[in-house]
Amino acid sequence: MPLTFTVDPPLTPDLRDGVLALWADVSNAGGAVGFVPPVTAEEIRPELLKQLTAMAEGRSRLLVGTDERGRPRATAFLTLNTHRLMRHWLWVYTVMVHPSLQGRGTGRELMAAVADAARGTEGIRGIRLTCRGGTGADRFYAACGYKEVGRVPDAIRVAEGDYRDDITMWLPLD
């Protein structure tokens, strides 16, 4: 099932609810997107609202991949830097692909669309993101051209006694 990727889509109630459902599905399948299972959509809603506020203020952009029925199946938030010395790169947050699409190349398509969206943003020369160690995400991002540029051991606590590294990845766009 090919996805259609769109940057800055019109924010409709269906899109908002679809992104929220996707976030819950990804989290409950073990995806490292800010929560640990089990989690409900209502527990995630405040984080989505923060992202939507950043979008409304022009600080963040949504990239969404939708299926033939218009349902969000992949997303990433591209967040601009406000620091005057770092406006030439952006952050990517909450990279998600629906669990039913894992292993089909959809993640690579999403990351290619992220890079295209970043290149299409005036003055952007690089992408920075972080990922949770122990998930294989760092290997995935490396396969997409990102380079590990930093690691903080045990910076993420997913459960009592379960600490993971916080890994910073970088993709130059030059």
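First, a word on what this report is: a plain description of the structure on this page. Note that this is a predicted model, so its numbers are computed, not measured. (Residues numbered from 1 in each chain as written. Predicted model: local features only at pLDDT ≥ 70, side-chain atom pairs only at ≥ 80, totals over all residues. Heavy atoms only, no water.)

## Section: the layout of surface pockets
In this approach a probe as big as a water molecule rolls over the atoms, and the regions it shows empty are the leftover space.
Right, on to step 1. Considered as a void within the structure, the largest pocket measures approximately 1100 Å³ in volume.
Right, on to step 2. Around the largest pocket sit 41 residues that line it, and G31, A32, V33, V95 and Y141 are the ones nearest its centre.
Right, on to step 3. Breaking the lining of the largest pocket down by element, the ones donating at least two residues are α1 (13-28), α2 (41-56), β4 (89-97), α3 (106-119), β5 (126-132) and α4 (137-143).
Right, on to step 4. Of the residues that constitute the lining of the largest pocket, the class distribution is 22 nonpolar, 13 polar and six charged.
Right, on to step 5. The calculated volume of the second largest pocket comes to roughly 200 Å³.
Right, on to step 6. D14, G18, G70, R71 and P72 are the residues nearest the centre of the second largest pocket, which is lined by 14 residues in total.
Right, on to step 7. Those elements that place two or more of their residues in the lining of the second largest pocket are α1 and β3 (72-80).
Right, on to step 8. Top contributing element to the lining of the second largest pocket by residue count: α1, with seven residues.
Right, on to step 9. Each residue belonging to the lining of the second largest pocket can be placed in one class, and the counts come to five nonpolar, four polar and five charged. (1 Å grid on protein atoms, 1.4 Å probe; cavity = no way out; pocket = protein on both sides within 12 Å on 5 of 7 lines; lining within 4 Å. Points joined across faces, edges and corners; volume = space filled by probe spheres on them. Helix = DSSP H or I, 4+ residues; strand = E, 2+ residues; numbered from the N terminus. Nonpolar A, V, L, I, M, F, W, Y, C, P; charged D, E, K, R; others polar.)

## Digging into the environment of R128
Right, on to step 1. With respect to the helices, strands and loops of the structure, R128 is situated in strand β5.
Right, on to step 2. Judged by its relative accessible area of 27%, R128 falls in the partly exposed class.
Right, on to step 3. Among all residues touching R128, those that are not within four sequence positions of it are W89, L90, W91, V92, T168, M169 and W170. (Buried < 20%, exposed > 50% of the residue type's maximum accessible area, 1.4 Å probe, protein only. Contact = heavy atoms within 4.5 Å.)

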